[in-house]
Amino acid sequence: MSLDEWIGKSETLADVVTAFPYAALSATLDRSFERPPAGTELPALWHWLYFLPLYRQSDVGPDGHAKRGGFLPPVPLPRRMWAGSQFDFHSPLRIGDSLERVSTIQEVTEKSGRTGPLVFVKVRHEIRRNGESNIALTEFHDIVYREAAKPDDIAPPPRPAPETATWEKKWFPDDVLLFRYSALTFNGHRIHYDRRYVTEVEKYPGLIVHGPLLATLLLDLLRHQAPRAEVARYEFRAIRPTFDTHPFHVCGEPGADGKTFHLWARDHEGWLTMDATAVIR
């Protein structure tokens, strides 16, 4: 079956914004973790604590994700990564809201890279709250699939991160942080917690920090520096993996217009690992 046949496929899920995941992620990010009352606004990206991927244990694939060919197309390439996302936050989501998410396969693109074939899948998510017809949040999720690592693979040249930042915070990605985030998002991808798998099978030097966690930490930096700011748009792109073997930094720089912020993550060697832009109202 051609992968193009998955374009236009959709699924609809429902969930309720409850207080415990909010408090648990707050604790994981070392913030106050009292369970918030109904009506409390979710910080941007914290909708990832809901609509969690559920599948039976017998349906788990070798990498910890669901076996291929369900909602996502059955891409035959074994390595899967979150390449980036784009968001429009139309109206806030709040504790107590009943949500509906409609997800649609927007694009499936096959390409050839320096390490072999690549497949890019773009998924569009639309979230509505409390039965409203208006969309509260629009998200595009970019997924990339790659071949298994080969001994003669040549890594792409790294990009240096900006040398200066107005804001900066250092994080130590230990096993507990990665485990807690995997548990909060019900993410079974073994590259984030199974050291034997990630080093022996996928040939990485250590556990990989979740792309969504990095994206969340970047916005958490903005939230700390500008607590009253309301994010209207956000986009991020993963540049290179961040491993748990060394600390990393999340950084930010306000733009001249006072509404646009450049956010980025850099590893211990000064290489750019994630690049992002946030626009506030």
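To be clear, the structure that these remarks concern was listed above.
Our subject in this report is the structure included herewith. (Residues numbered from 1 in each chain as written. Predicted model: local features only at pLDDT ≥ 70, side-chain atom pairs only at ≥ 80, totals over all residues. Heavy atoms only, no water.)

### Points about the sheet that holds strand 3 (residues 98-113)
Phase 1 of the analysis: A sheet is described by the order of its strands in space; here 10 strands give the open sequence 1-3-4-5-2-7-10-9-8-6, paired in antiparallel fashion. The sheet is open, and its two edges are formed by strand 1 (10-16) and strand 6 (167-171), each paired on a single side. Neighbour to neighbour, the strand axes of the sheet diverge by 20° on average, direction disregarded.
Phase 2 of the analysis: Where strand 8 (residues 248-254) lies against strand 9 (residues 260-266), six bridges are found, and the strand directions are antiparallel. Across the sheet, residue Gly252 finds its bridge partner in strand 9, namely Leu263. (Pairing = 2+ DSSP bridges. Helix = DSSP H or I, 4+ residues; strand = E, 2+ residues; numbered from the N terminus. Axes fitted to C-alpha atoms, helices over the stretch in contact; angles between N-to-C directions.)

### Examining helix 4 (residues 211-225)
Phase 1 of the analysis: Look at helix 4: 22 Å from first C-alpha to last across 15 residues, which is about the 21 Å you get at 1.5 Å a residue.
Phase 2 of the analysis: Counting buried positions along helix 4 gives 12 out of 15 residues, so the element sits mostly inside the fold.
Phase 3 of the analysis: When helix 4 is considered as a whole, its buried residues turn out to be Gly211, Pro212, Leu213, Leu214, Ala215, Thr216, Leu217, Leu218, Leu219, Asp220, Leu221 and Leu222. (Expected span 1.5 Å × (residues − 1). Buried < 20%, exposed > 50% of the residue type's maximum accessible area, 1.4 Å probe, protein only.)

### Comments concerning the side chain of Thr185
Phase 1 of the analysis: With respect to the helices and strands, the residue Thr185 is situated in the loop between helix 2 (175-184) and helix 3 (195-201).
Phase 2 of the analysis: Those residues in contact with Thr185, other than ones at most four positions away along the chain, are Trp48, Leu52 and Pro53. (Contact = heavy atoms within 4.5 Å.)

### As for the packing of aromatic side chains
Phase 1 of the analysis: In total, this model carries 10 aromatic pairs according to the counting rule given.
Phase 2 of the analysis: Relative to Phe89, the ring of Phe87 lies with its centre 5.7 Å away and its plane at 15°, an arrangement referred to as stacked. (Phe/Tyr/Trp six-rings, centres within 6.5 Å; stacked < 30°, edge-to-face > 60°.)

### Some points on unusual backbone geometry
Phase 1 of the analysis: Even without glycine at this site, Leu45 takes up a positive phi of about 85°.
Phase 2 of the analysis: Along the chain, Leu45 turns up in the loop between helix 1 (19-28) and strand 2 (79-89).

### Here we look at the environment of Gln225
Phase 1 of the analysis: By the secondary structure assignment, Gln225 is in helix 4.
Phase 2 of the analysis: Residue class for Gln225 comes out partly exposed when judged on its relative accessible area of 37%.

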